[in-house]
Amino acid sequence: MVRFENVGMRYGMGPEVLRDISFHLRPGSFHFLTGPTGAGKSSLLKLLALSHRPSRGLVTLFDREVSTLERDDLPAFRRKIGVVYQEFRLLDHLSAIDNVALPLKIAGAVDSQIYQHVAELLEWVGLGNQVDAKPPTLSGGEKQRVAIARAIINRPQLLIADEPTGSMDAEMGLRLMRLFQELNKIGTTVVVATHDLDMIQRFGNPVMYLRDGLLSSRSAANIPERFDETDT
Ligand SMILES: Nc1ncnc2c1ncn2[C@@H]1O[C@H](COP(=O)(O)OP(=O)(O)OP(=O)(O)O)[C@@H](O)[C@H]1O
């Protein structure tokens, strides 16, 4: 599903922010990605989301090494990936329901098949009364839930979420993580970047731990309690 081999990444001519990253994600697995602020979590997710290319090493997604992808291949690849961005990236001129419907429309579904399904998902994430609201009128947590609904509406093969529950209360955060779990049970591979150690420990999924651009794998029970402490 996903394979990184000795991957490095830099922004422009800057220093490497990811170094010698190697890992393999099996189809249908569910991993947390954590580590101190600035460790490179969002950068690693950008590589997974095909929004940035590695500066060295090999990234293989869905059995294709990404440097061999042509520009024309990218849309079909991206349709297999659902992304929840830290900064949401909703379209402000579209209503919540139209934001969430967009991936289905791009995939060619006709309106009559879309809207009931989208409305049900918005209801499920607690936004049944806000389907016609535009993002600028929504709170941070509401925007985040629209972004999550948009990322999962077409049951992506790979779901990548950057701090997906950071703007909502703990109860709603748990509800949405359970939604990710359900999606995972029916086959979606999930990677969730989070600082929320309680969440990681509660769910117990394997953890990818980044520090200063270097990756190690951990169990949920073996993450430094405070990231600024020396690693154990
Ligand atoms: N667009 C960019 N241009 C240049 N440097 C960047 C850019 N985005 C991130 N960086 C740098 O890359 C490094 C890793 O940043 P990244 O955002 O991936 O970390 P993070 O682990 O996601 O942090 P946080 O937990 O605060 O979200 C940091 O040193 C950051 O300053």
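All of the points below concern the structure found in this document. Every chain's residues receive numbers from 1 upward, in the order its sequence appears when written. A pLDDT threshold of at least 70 governs which residues receive local features in this predicted model, and a stricter bar of 80 or more applies before side-chain atom pairs are shown or counted, although totals over entire chains, interfaces and linings include all residues. To obtain the side-chain values, all non-hydrogen atoms of the structure were included, while hydrogens and water were left out.

1. Some thoughts on the packing of aromatic side chains
Stated precisely, the cut-off is as follows: Stacked, tilted and edge-to-face pairs are distinguished by plane angle, under 30 degrees for stacked and over 60 for edge-to-face with tilted covering the rest, among Phe, Tyr and Trp rings (Trp via its six-membered ring) whose centres lie within 6.5 Å. Per-residue accessibility, obtained with a 1.4 Å probe over protein chains only, is compared with the maximum for each type, and a residue is labelled buried under 20%, exposed over 50%, and partly exposed between these values. Cation placement over rings: the criterion is NZ of Lys or CZ of Arg within 6 Å of the ring centroid and within 35° of the ring normal.
Taken as a whole, this structure holds four aromatic pairs when the rule is applied. Centroid distance Phe30 to Phe32: 5.6 Å. Interplanar angle 55°. Geometry classified as tilted. Phe30 sits in the buried class, given a relative accessible area of 4%. Exposure remark for Phe32: the relative accessible area of 0% places this residue in the buried category. Every member of this aromatic cluster is reached through a ring pair, and the members are Phe30, Phe32 and Phe203. Between Lys80 and the ring centre of Phe62, over which it is positioned, the NZ or CZ distance is 4.8 Å. One Lys or Arg, Arg89, reaches over the ring of Tyr85 and ends 3.9 Å from the middle of that ring.

2. Here's the deal with the site of the ligand
Filter applied, for reference: In this text, near means that some heavy atom of the residue lies within 4 Å of the molecule or strand in question. Between N or O atoms, a polar contact is any pair within 3.5 Å; within protein, one atom must be a potential hydrogen donor and the other a potential acceptor, and residues adjacent in sequence are included only when both atoms are from side chains. With residues, only the protein chains shown are counted as cover, and all accessible areas are computed by Shrake-Rupley using a 1.4 Å probe.
In the vicinity of the ligand there are 13 residues, among which Thr37, Gly38, Lys41, Ser42 and Ser43 approach most closely. Within the backbone of Ala39, one N or O atom sits 3.1 Å away from an oxygen atom of the ligand. Ser42 places a polar main-chain atom, nitrogen or oxygen, 2.8 Å from an oxygen atom of the ligand. Within the complex, 59% of the 640 Å² of free accessible area of the ligand lies under protein.

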